[in-house]
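Structural overview
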Amino acid sequence: GFQEIADLGGMKAISSHSTCLAAERVRRFRRLVHDNNTSVVQIYGQWNYFQFGTKGIDERTPGPTVAFNISDRDGAIIGYDEVSRLAALNRPPIQLRTGCFCNPGACQEALSLCDDDVTEQHASGHVCGDR
């Protein structure tokens, strides 16, 4: 518990390390392109607009959570269930928190969905998952 946090240098050190990992993930995501030069990863939120400078990580750097979707070469979003399953095949498995229904408002904004889109999806029985 608390002793482990102290042994790791405290919450500030843990936060800084987590943010550094996120920054590296974003750098690598931005370099991924399909054979037709379209982006593989669509990044949302503050990381989408973040410009890496020479100062490294500071108080202006977004936090350690990176919201993203994976697209096929034609730009269609690959469902997060499939992305999660493929990540789990890696050794060691890549751990992802997938989905967006824990924060539907953020999902709606990120995907540019209007209220009618969300209502229609819910009425059709789509409440969580992408299968």
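The following refers to the structure shown. Model, not experiment: these values are computed from the prediction. (Residues numbered from 1 in each chain as written. Predicted model: local features only at pLDDT ≥ 70, side-chain atom pairs only at ≥ 80, totals over all residues. Heavy atoms only, no water.)

1. A closer look at helix α6 (residues 115-123)
- Within α6, only 0 of the 9 residues are buried, leaving the element largely exposed.
- One or two residues past the end of α6 sits Gly-125, with phi positive at roughly 100 degrees. (Buried < 20%, exposed > 50% of the residue type's maximum accessible area, 1.4 Å probe, protein only. Helix = DSSP H or I, 4+ residues; strand = E, 2+ residues; numbered from the N terminus.)

2. A closer look at a nonpolar patch on the surface
- Together, Leu-111, Leu-113 and Val-118 line one region of the surface with nonpolar side chains, adding up to about 200 Å² of accessible area.
- Of note, Val-118 is situated in helix α6. (Patch = residues over 30% accessible without salt bridge, like charges linked within 9 Å, V, L, I, M, F, W, Y side chains within 5 Å. Areas by Shrake-Rupley, 256 points an atom, 1.4 Å probe, with all protein chains shown as cover. Salt bridge = Lys/Arg side-chain N within 4 Å of Asp/Glu carboxyl O.)

3. Overview of unusual backbone geometry
- Arg-91 connects to Pro-92 through a cis peptide bond whose omega is 0 degrees.
- Residue position: Pro-92 is located in the loop between α4 (80-89) and α5 (104-110).
- Phi is positive for Asn-37, close to 70 degrees, though the residue is something other than glycine.
- As for its position among the elements, Asn-37 is in the loop between α2 (10-31) and β1 (41-43).

4. Details of the pattern of salt bridges
- Considering all chains together, one arrives at 3 salt bridges under this definition.
- In this structure, Glu-24 and Arg-27 form a salt bridge, with 3.6 Å as the shortest nitrogen-oxygen distance. Taken together, the residues span about one helical turn, with Glu-24 and Arg-27 both in helix α2 at a distance of 3 residues.
- Each member of the salt-bridge network shares a partner with another, and the members are Glu-24, Arg-27 and Arg-28.

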